[in-house]
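# Secondary and tertiary structure notes
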Amino acid sequence: MTSHPAPLPRTRIDDIFARLKTEGRAALVTFVEAGDPDEATSQALLDALPAAGADIIEFGMPFTDPMADGPVIQAAGLRALHAGQTLRRTLAMVKAFRSTNDATPLVLMGYFNPIYVYGVEAFVRDARAAGVDGLIVVDLPPEEDDELCLPAMAAGLNFIRLATPTTDAARLPKVLQNTSGFVYYVSINGITGAAEPDYSQVEHAVARLRAHTDLPICVGFGVRNAAAARAIATHADGVVVGTALISALAGTLDQQGHATGTTRGKVVDLVQALSQGVHAAQRG
Amino acid sequence: MQHNRPNSFRTGPDERGHFGNFGGRFVAETLMPLVLELEAAYGAARNDPAFKAELQDLHKHYVGRPSPLYFAERMTEHCGGAKIFFKRDELNHTGAHKINNVLGQILLARRMGKKRIIAETGAGQHGVATATACARFGLECIVYMGAVDVERQKPNVFRMNMLGARVVPVQSGSRTLKDAMNEALRDWVTNVETTFYCIGTAAGPHPYPAMVRDFQSIIGEETKVQMLEREGRLPDSLVACIGGGSNAIGLFHPFLDDASVKMYGVEAAGHGLDVHNGHAASLVGGRPGVLHGNRTYLLMDDDGQIVEGHSISAGLDYPGIGPEHAWLRDVGRVNYVSATDKEALAAFQLCCRLEGIIPALEPSHALARVLDLAPTLPKDHLMVMNMCGRGDKDIFTVADILGGM
């Protein structure tokens, strides 16, 4: 079934990439898990990310069974769930974020089941109303576009797809077909937080993707520090950092897994450093 | 939720892997090309007479098939109603029905040139079967097993180690079967080029539910022939336990279009269906959701978070169920019921004493419902229960509960 919804209205994602193009630099895309380690700390961190240098925010929707995530992000999700996080609360946090920030794009990232249980129609409506710009749902390949991708597009949300090293030329058009906002290139086969990517491969892969799409290409999985961010920002339109931020957050928690006085600051410091790396990249 | 009855119950899934609204391919993009490759490879293998012949030869000489259809005379006398038969899949090499599916998948992995095999296991029966087949064919074998299950199924951990497999205790999440499956999927995402994921039940992304069902259908096909030989007609009812549901779908599927045959799938009711998070009965006590590559009935909370479930039997302790069962429930072809830990334990003991068969705790759940159903049925009613595993692995669990006997 290949239905083509009406063209999407411009989102904050389109706007930021247009602006960064004129500035000649890549976007820093930061991932944090909603409600980790508790709602108040997570809200404060979310609100602080744009000023620290995050150009786009990926906000994780916790799920008990995150099959594509490594131990660091799994633990973040479980901390949030134990603290009472729900999809409803996550949407409320986005709404609160939007009361002070109307410019920074926010993408919700997670797995399909909580959305399915919430109800797809209600979810895309509520997400849009809360100020969400796009969705990344890991366990929805293009073969399942009817489930959420098409309803999300109809509601004016970008549906951002992951392309991976296993996505070959024959498959790429299918993956890109209903993708909007940006393409998220997963630079290694594996789970989040695994080995550092081979940067020469990244350059090659970005070039391969560019032959198929005009969408901005963000690269993630395995980016830990400013140097890595800089290396990737040389070739890609955006650098996604997740596990490194969550690790920094986790390192500040007390023995019970609760936030301490340094929790927000440590993550903000790392975002600032990564942002400097991205800014320092010479775009090729 | 009663849908229109289809002309045949045996045509599914469709080309997208759907059984009605259930099934599908809900996997990360990294896995999608592999799932498609597997579908193509299986499609070719199933139509290849050489593949069939090799599998049949292994079934006969390595597994010991066909497994007997045994008239459980004293159980029948005890119940005083239906004639009760056991399909003796516990007599298979490795002690359960799991080997039927594993040999099919391992032969397929060989055809595909994959030399590294991963599997998840709950009770350990699928892990033992996979370790066995990998030893037989000289393949590397890694088995993911929840750390909780490693503790409660120690004999099977030893077995896997003896057979040369590496057992990885999974510490994430609830540390049981669902987490073992998550970890196996993570391994597969990481090692896509070399690795074949041998899923142990009729669940997961398409084509697994259909493929595992096909490999397990030998149970029902044999039963049909054996009952016709013995009684000159089809059985009147079939009973099987359900965790993910592979032994049940294997028994049921060849009979789905035989309208006279009633079917009962028995889920694990654990401490009781009314106890929150105290059972593993996804169909009776869950609702539709998406997990592990397919849409099916799941145990979860109002936010769509998966709950662990509980059963005395590690093999039934899974919060989901194969998507074909979810569909068969909604179309009303199969009756899904449940049995508690206590009922299963009582049936376990009775079977030991009356038939000289130590059943696994999994089929003890099926037997618990046989004990209710059989007395209400006439003496010419032919009832087949799938004795899908033997209880050697469970004797310590049972001894703990019964106080050492």
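Values in this document were obtained by computation on a predicted structure and should not be read as measured data.

### Section: the overall build of chain A
Broken down by element type, chain A carries 12 helices and 9 strands. In summary, chain A has a C-alpha radius of gyration of 17 Å against a globular reference of 19 Å for 284 residues, a match within 12%. Reported as C-alpha extents along the three principal axes, the dimensions of chain A are approximately 50 × 45 × 35 Å. Burial statistics for chain A: of 284 residues in total, 62% are counted as buried. Sequence separation of at least 24 residues holds for 74% of the intrachain contacts in chain A that already meet a minimum separation of 6. Charged side chains of chain A number 22 positive and 30 negative; the gap between the two group centres comes to 5 Å.

### Quick word on the packing of aromatic side chains
Scanning all chains against the criterion turns up 14 aromatic pairs over all chains. Taking the centre distance of 5.6 Å and the plane angle of 55° together, the rings of A:F112 and A:Y116 count as tilted. Highlighted residues: A:F112 and A:Y116, both in helix α5 (residues 112-118), separated by 4 residues, approximately one helical turn. An aromatic cluster is defined as three or more aromatic residues linked by ring pairs; in this entry it consists of A:F112, A:Y116 and B:F26.

### Notes on the confidence of the model for chain B
Of all residues in chain B, 99% have pLDDT values of 70 or greater, and the mean over the chain is 95. Across the assembled chains, the prediction reports ipTM 0.94 with pTM 0.95.

### What to know about the pattern of salt bridges
Counted according to the given criterion, the structure contains 43 salt bridges over all chains. In this structure, the salt-bridge partner of B:D236 is B:R233, at a minimum N-O distance of 3.0 Å. Because the salt bridges share partners, they merge into one network encompassing A:R12, A:R98, A:D102 and A:D133.

### Section: the sheet that holds strand β9 (residues 237-242) of chain B
Residues and elements named next belong to chain B. What the 6 strands build is an open sheet, ordered β3-β4-β14-β9-β10-β13; its pairing is mixed. With one partner strand each, in any of the chains shown, β3 (69-71) and β13 (335-340) form the two edges of the open sheet. In this sheet, adjacent strand axes meet at a mean angle of 30° when their direction is disregarded. Both β3 and strand β4 (residues 83-87) contribute to a ladder of 3 bridges, which runs antiparallel. Residue Y70 lies in a different strand from β4, and its bridge partner there is F86.

### Remarks on the pairing of strand β8 (residues 217-220) of chain A
Residue and element names in this part refer to chain A. Burial along β8 is two-sided: the face carrying I217 and V219 and the face carrying C218 and G220 are both buried. Sheet analysis places strand β7 (residues 183-186) next to β8, joined by 4 bridges and oriented parallel. Each residue of the ladder has a partner; that of V186, found in β8, is G220. A crossover connection joins β7 to the parallel β8 through helix α9 (residues 199-210); in handedness this β-α-β unit is right-handed.

### Section: the interface of chain A and chain B
The interface is formed by 38 residues belonging to chain A together with 39 residues belonging to chain B. Summed over both partners, the interface of chain A with chain B comes to about 3,000 Å²; 52% of that surface belongs to carbon and sulfur atoms. Our count for the chain A to chain B interface comes out at 4 salt bridges. Note that B:E29 and A:R171 form a salt bridge whose closest N and O atoms lie 2.7 Å from each other. Linking chain A with chain B are 16 residue pairs in polar contact (both at pLDDT 80 or more), by the criterion used here. Within the residue set of the side of chain A that touches chain B, elements represented by two or more residues are α3 (71-82), α5 and β6 (162-163) of chain A. Ranked by the residues each element gives to the side of chain A that touches chain B, the list is headed by α5(A), at 5 residues. Its residues assigned to classes, the side of chain A that touches chain B shows 20 nonpolar, 10 polar and 8 charged.

### So, the state of the cysteines
Across all of its chains, the model carries 0 disulfides over all chains by this definition. A disulfide-free cysteine, A:C149 has its sulfur positioned 17 Å from the sulfur of A:C218, the nearest such atom. This cysteine, B:C134, is not joined by any disulfide, and B:C141 carries the nearest cysteine sulfur, 3.9 Å off.

### Considering unusual backbone geometry
Note that the residue after A:D36, namely A:P37, is joined by a cis bond; omega there is -5°. For A:P37, the location among the structural elements is in the loop between β1 (27-33) and α2 (39-52). With omega at 0°, the peptide bond leading from B:R65 into B:P66 counts as cis. Relative to the assigned elements, B:P66 resides in the loop between α2 (49-63) and β3. Despite not being glycine, B:R175 has its phi angle at roughly 60°, a positive value.

### Here we look at the sheet that holds strand β5 (residues 116-121) of chain B
Residues and elements named next belong to chain B. The sheet built from 4 strands is open, its strands ordered β7-β6-β5-β8 with parallel pairing. One side of each edge strand has no neighbouring strand; the edge strands of this open sheet are β7 (166-170) and β8 (195-197). When strand polarity is set aside, the average angle formed by the axes of neighbouring strands in this sheet is 25°. Where β5 lies against strand β6 (residues 140-146), 6 bridges are found, and the strand directions are parallel. Following the sheet pairing, R116 is matched in β6 by E140. Contacts between helix α5 (residues 125-137) and the sheet are confined to β5 and β6, with β5 contributing the most and set at about 165° to the helix.

### Description of the environment of A:N189
Along the chain, A:N189 falls in the loop between β7 and α9. Sequence spacing of A:N189 and A:L162 is 27 residues, and the spatial spacing of their C-alpha atoms is 12 Å. With residues near it in sequence (within four places) discarded, A:N189 still touches A:T164, A:P165, A:T166, B:T30, B:V189, B:T190 and B:V192.

### Looking at helix α4 (residues 98-111) of chain B
Residue and element names in this part refer to chain B. The first and last C-alpha atoms of α4 sit 20 Å apart over 14 residues, in line with the 20 Å expected at 1.5 Å per residue. Here α4 lies mainly inside the structure; 12 of its 14 residues are buried. All of the buried residues in α4 are K98, I99, N100, N101, V102, L103, G104, Q105, I106, L107, L108 and A109. G113, located one to two residues past α4, shows a positive phi value of around 75°.

### Let's talk about the pairing of strand β3 (residues 106-110) of chain A
Residue and element names in this part refer to chain A. The buried count for β3 comes to 5 of 5 residues, which makes it a mostly enclosed element. The alternating pattern of β3 places L106, L108 and G110 on one face and V107 and M109 on the opposite face, and all of these are buried. As defined by bridge partners, strand β2 (residues 56-60) adjoins β3 across 4 bridges and the pair is classed as parallel. Across the sheet, G60 pairs through a bridge with M109, a residue of β3. Bridge count for β3 against strand β4 (residues 134-137) is 4 bridges, and the pairing is parallel. In the strand pairing of β4, L108 is matched with L135.

Here is what the cut-offs are and how they apply
- Residues numbered from 1 in each chain as written.
- Chains lettered and ligands numbered in written order.
- Predicted model: local features only at pLDDT ≥ 70, side-chain atom pairs only at ≥ 80, totals over all residues.
- Heavy atoms only, no water.
- Helix = DSSP H or I, 4+ residues; strand = E, 2+ residues; numbered from the N terminus.
- Rg over C-alpha atoms; globule rule 2.2 N^0.38 Å.
- Buried < 20%, exposed > 50% of the residue type's maximum accessible area, 1.4 Å probe, protein only.
- Contact = heavy atoms within 4.5 Å.
- Lys, Arg positive; Asp, Glu negative; His and termini not counted.
- Charge placed at Lys NZ, Arg CZ, Asp CG, Glu CD.
- Phe/Tyr/Trp six-rings, centres within 6.5 Å; stacked < 30°, edge-to-face > 60°.
- pLDDT = per-residue confidence, 0-100.
- Salt bridge = Lys/Arg side-chain N within 4 Å of Asp/Glu carboxyl O.
- Pairing = 2+ DSSP bridges.
- Axes fitted to C-alpha atoms, helices over the stretch in contact; angles between N-to-C directions.
- Right-handed = clockwise from strand over helix to strand, strands pointing away.
- Buried area = accessible area lost by both parts, 1.4 Å probe.
- Polar contact = N/O pair within 3.5 Å; in protein donor to acceptor, adjacent residues only side chain to side chain.
- Nonpolar A, V, L, I, M, F, W, Y, C, P; charged D, E, K, R; others polar.
- Disulfide = S-S within 2.5 Å.
- Expected span 1.5 Å × (residues − 1).

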